[in-house]
Every structure is written in structure tokens, then in C-alpha cells.
Amino acid sequence: MAITKKELWQAVLAQAQLSISQANFATWFKSTEIVSQEGNWVTVSVPNSFAKEWLENKYGKTILKILHSLDEGIKEVKYIVGKTELKTFRKTPAVSLQEIGQLEFQEFKIDKETNLNPRYAFENFIVGPFNELPQAAAWAISKNPGFVYNPLFIYGGVGLGKTHLLEAIGNEVIKNFSQKKVKYTPSEKFTAGVVTSIRNHEIESFKSKYRAIDVLILDDVQFLAGKEKTQEEFFHTFNFLYEKNKQIVLSSDRPPKAIPALAERLRSRFEGGMIADIGYPDYETRIAILKVKSQERKIEFPEEVLNYIASNIQRNIRELEGALNRLTAYQKLNNQPPTLEVAKSLLKNLFLSPAKVVTPKKIIQAVAEFYDLREKDLSSSSRRKEIVNPRQIAMYLLREELKTSYPFIGRKFGGKDHTTAIHSCEKVLKELEINENLNDEINLIKQRIYNT
Ligand code: ADP
Ligand code: MG
């Protein structure tokens, strides 16, 4: 007995799911179905033109291969945009896409108990090569909190999805294990909590509140830098939870090593589990993000407009959203999507803001490029002047621009002693007082650091 269209497509979905990440699967395969099978042809209905394009171009081969393996007669697949409405395209667990539409531009209701925002889910988190590892780790944790990677430490630059991913873990855990206590806390809030509870002699109740948690999510731990009392409190909470196999998830704008003024024992705890970084999204993923987000806003922007945005904003997903919001406002006022020309003028000043994400690597790269050296020359032990000077400048910039510790700087340059780092920084500072050329040189290097 031949299987029905529905069964056939179910089988395809089941197999496709194995080779495609969960978030991408949810994004592109929701609300698809086989509408007809005639001769060698199968026609698949998809909810909109974005999904059509992605299924055709990106997953077309996989889909055809699976279909062919199930039914040798099938030689070709056609995709049509069906009657299924946009709002049923994807479904968020915490909140439906329909609600997202209604709530656009409004904040979602943040849960008082967990402090989680239901807007952040795995289903609306786009996965690409730049964030695949942290996403996979986050997903694994939400299925089995406390037992896979503990702690999970996610780091990356501003606006690249750390908070989104952290909160998605929390929301997913609640969905899977309704009895688990989850808490999302920005580090500044944790610090404020410690300070207030000490002042009000409530530190014991503060402690017990945090120790009752099953999944503790602490965002932006770089803000614990220099806060000794808070670090100490967190260290004990961490140990308490960790020993009970409770899950701890942390984020930061840099790896634990690069957080200045972080107690060594806390640093080594942070490094004790899984560390995963979020890089910069590639062009293809930036386009995908823009498409999904325009869908959420129920607007179909011209292709060239999306391409224009994706070419100009490369390092910040929040800025991609910001650009879309401006264009969405235009669309609402004028009842038509902006043309490329309009988009250009609306977004002009947005693109002029300098890139804000600076990392040690970027500084070292910029210095090496500027002096036409290889990066590894800078961390070598060569004492040749044409290497020593740039090395000292790179160390100085790490100190000035990132406020990194001297031991960290020493380690970054091939495991040198922190006294070498101190000496280098002092030497550059002194030289700057008498040598104007050096000042110009350093400014040029800074331009490279901030504008690439
Ligand atoms: P960070 O905490 O790293 O500064 P956020 O998590 O706040 O960044 O992300 C900034 C914005 O970009 C948020 O609105 C978030 O939903 C969105 N965003 C980030 N990464 C993704 C992604 N991979 N897919 C979809 N949206 C994303
Ligand atoms: Mg954040």
C-alpha cells in the first residue's frame, strides 16, 4: 500500500531534522506540506517566499535526496507559496508568533519569579557557523540541566545574542521541567542584591534564595570585576549549587582569562566547564536573521534593501534589528516598503557609528598589520628592535583599550612575565611624552582597531 502524501512528508521531516539544527529546522520547515504528487513531481507548499527560497536553495538537495530514497519515482520537487498564513509559520513555545506580531515594539512581560523574558526562545534564534557551538551547548543543557556542561560559559561581543541564548535556556528548561526553579540575573543586579542585603542585614535570606535555584543564569559576569564582596558571595553560591548538580550558566563579553580583577578561584570555576564563544555572523546568516525578523514584523522588504543592510552591519545583531525597526516605522507611516534609495537615506547615520567590539586578538592583528609583521612575531622572544617596539605598543594598547591585567598581557604574548608587560606599558607612556610620531602611529592603529 502506497503511503499518503502526509506520511511521506512526515518521513522527510523526521529525516531532515537529523541533519539540520533544531532552530533552523523550526524556522524553515514549520507549516510545510506536500500538496500534490504527480508523476515525477512532488509539490510542497510553504508559508511564504522566504521559506520557499531557503528550502529551494539551501535544503533543496537534502529534501530531494530523502524523498528519492523513500520513493524512487520522485525526481523533482516544486515549492509553492501556499495559503498557510505567515503567523503560523513558526511557533514559539513561550509565546506564539501571532502574539509576537501583536506585541511588536512592546516589551514582553518579564516573569517576576524567573526574571525571564519569553521573547527569547530557541525557535527564534538563528543558527550559523558563528554561534553553532554555543547554541548546541545551550540546547543540550536545556534538555538535561546540571549534567552536561557545568558551568556553561558563553562569551562574545555586544549585541551578538548572549542574552538571547541564556534566556532561551531558561525558557526551555521551564517548558521541559515545570517544577524546576530557574533564575535569570544580570550581574549588576546580583551585585546590587549583595550590597543591599548586607546593608539591611539580610544576607542569609539572600543566600538561601539563590541556593534554592535549579538553574542559575548570570549574565555579563565581566561586571563582577573588582567587586570583591560580590565575587566572594557568588563563589560560595556557585560551589553550593555546583555540588548539588544544579546548572550554572554564565555570559561575558570576553573569556574568563580576560576579565580583569576577577579572583583566581572564581576564574578557575568559570573555566571548569564548557567555554563557547559567539563570533560574528556571516553574510548568509545576517540575511536569514533579517528575513526572519521582517517576517515577525509582517513586512516583506525588497531583497536589495536587506542585502544593503546585511552588507553594512556586520558585527552586531542588535543593530541589524535597529535598522529593520527604522524601516518598519517608515513602512507603517507610508504604507509601502522603502526602496533602496529611501533605505539608504534612513539608515545613513546608523552605519556611521564605529564598531565597538574590541578584543585582544583584534588589537594584536591591527598592530601586526600596521607594522607588517606576523602576529606570531609579536609573541616571539625576538629582541630585534623592529619587533620589540611594535610588541610594546601592542601590550600598551591591550592595557589602555581593554584594561586587561599585566599577567594576562604577558600570557597573551607567548607567556611572558607580567613585569615585561608592565615595563612595556611604561616605556610606551614615557616615549609618548617626547615622540609625537608615536602618538600619530598609535592613533592610526586605533583607527584600524575601531573601524574594521
Ligand atoms: P548580547 O547579550 O550578546 O549583547 P542580545 O542577546 O541582547 O546580545 O542580542 C541582541 C538582539 O539581537 C536581541 O534582540 C536578540 O534577540 C537578537 N539576536 C541575537 N542573536 C540572534 C540570533 N542568532 N537569532 C535571532 N536573533 C538574534
Ligand atoms: Mg546581553
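Chemist: Where do I start with helix H14 (residues 317-334) in this structure?
Modeler: Side chains that are three or four residues apart share a direction in an α-helix, a result of its 3.6 residues per turn. A rise of 1.5 Å per residue sets the reference length of H14, with its 18 residues, at 26 Å; its end C-alpha atoms lie 26 Å apart and thus fit the reference within 8%. One side-chain oxygen at the N-terminal end of H14 lies 2.8 Å from the backbone nitrogen of Arg318; it belongs to Asn316. In the stretch just after H14, Asn335 is the one whose phi turns positive, near 60°.

Chemist: Whenever I open this one, the sheet that holds strand S6 (residues 215-219) confuses me. Can you help?
Modeler: Strands pair in a sheet through their backbones, by hydrogen bonds, and they do so in one of two ways: parallel or antiparallel. Reading across from one edge, S5-S6-S7-S4-S8 is the order of the 5 strands in this open sheet, with parallel pairing throughout. Strands at the two margins of the open sheet, each flanked by one partner only, are strand S5 (182-186) and strand S8 (274-278). Averaged over all pairs of adjacent strands, the angle between their axes in this sheet comes to 15°, without regard to strand direction. Two elements, S5 and S6, share 5 bridges in a ladder whose sense is parallel. Along S6, the bridge assignment pairs Pro186 with Asp219. Most of the contacts of helix H8 (residues 187-199) go to S5, to which it runs at about 90°, and overall it touches S5 and S6.

Chemist: Just checking my understanding: could you explain the side chain of Thr43 for this structure?
Modeler: Looking at the secondary structure, you find Thr43 in strand S2 (residues 41-46). Given the relative accessible area of 10%, Thr43 is considered buried. Other than its neighbours up to four places away in sequence, Thr43 contacts Glu33, Ile34, Val35, Ser36, Lys78 and Ile80.

Chemist: Please explain the pairing of strand S4 (residues 152-156) as it appears in this structure.
Modeler: Working note: regular strand, side chains alternate between the two faces of the sheet. Within S4, 4 of the 5 residues are buried, leaving the element largely enclosed by the surrounding structure. Two elements, S4 and strand S7 (residues 247-252), share 4 bridges in a ladder whose sense is parallel. Considered in S7, the bridge of Tyr155 is made with Ser252. Sheet analysis places S4 next to S8, joined by 5 bridges and oriented parallel. Within S8, the residue paired with Ile154 across the bridge is Ala276.

Chemist: Looking at this model, I keep getting lost on the nonpolar core. Mind explaining?
Modeler: In summary, soluble globular proteins display a tendency toward joint burial of nonpolar side chains. Core analysis: the largest hydrophobic core is formed by 70 residues, its most contacted members being Phe29, Ile63, Leu67, Leu152 and Ile309. The residues touching Leu67, leaving out its near neighbours within four places in the chain, are Leu8, Val12, Ile34, Val42, Ile74 and Val77. Counting residues in each nonpolar core, the second largest holds 26 residues, with Ala368, Ile387, Leu397 and Ile449 among its members.

Chemist: Help me understand the sheet that holds S2, please; the structure alone is not making it clear to me.
Modeler: With respect to topology, 3 strands assemble into an open sheet ordered S1-S2-S3, the strand pairing being mixed. Each edge of the open sheet is held by one strand with a lone partner, namely strand S1 (33-38) and strand S3 (76-81). Across the sheet, the mean angle from the axis of one strand to that of its neighbour is 25°, orientation sign disregarded. With 5 bridges connecting them, S1 and S2 associate as antiparallel partners. If you follow Ile34 over to S2, its bridge partner there is Val44. Each of S1 and S2 is contacted by helix H1 (residues 5-19), which is oriented at about 120° to S1, the strand it contacts most.

Chemist: Before we go on, may I ask you to explain the site of ligand 1 in this structure?
Modeler: Around ligand 1, 18 residues are found, and the nearest of them are Ile126, Gly159, His164, Arg318 and Glu321. Residue His164 places a side-chain N or O atom 2.7 Å away from an oxygen atom belonging to ligand 1. The separation between an oxygen atom of ligand 1 and a polar side-chain atom of Arg318 is 2.8 Å. A total of 560 Å² of accessible area belongs to ligand 1 in isolation, and the protein chains cover 95% of it. Those elements giving two or more residues to the shell around ligand 1 turn out to be helix H7 (162-176) and H14.

Chemist: Looking at this structure, I do not really get the pairing of S7. What am I missing?
Modeler: Summarising burial for S7: 6 of the 6 residues are buried, a large majority. The two faces of S7 match: Gln247, Val249 and Ser251 on one face and Ile248, Leu250 and Ser252 on the other face are all buried. Relative to S7, S6 is paired through 4 bridges, and the arrangement is parallel. Counted as the bridge partner of Ile217 is Val249 from S7. Handedness of the S6-helix H10 (residues 228-243)-S7 crossover: right-handed.

Basis of the calculations
Residues numbered from 1 in each chain as written. Chains lettered and ligands numbered in written order. Predicted model: local features only at pLDDT ≥ 70, side-chain atom pairs only at ≥ 80, totals over all residues. Heavy atoms only, no water. Helix = DSSP H or I, 4+ residues; strand = E, 2+ residues; numbered from the N terminus. Expected span 1.5 Å × (residues − 1). Polar contact = N/O pair within 3.5 Å; in protein donor to acceptor, adjacent residues only side chain to side chain. Pairing = 2+ DSSP bridges. Axes fitted to C-alpha atoms, helices over the stretch in contact; angles between N-to-C directions. Contact = heavy atoms within 4.5 Å. Buried < 20%, exposed > 50% of the residue type's maximum accessible area, 1.4 Å probe, protein only. Core = buried A, V, L, I, M, F, W, Y, C linked by side-chain atoms within 4.5 Å. Near = heavy atom within 4 Å. Areas by Shrake-Rupley, 256 points an atom, 1.4 Å probe, with all protein chains shown as cover. Right-handed = clockwise from strand over helix to strand, strands pointing away.

Purely geometric stuff here, so don't read any function into it on its own.
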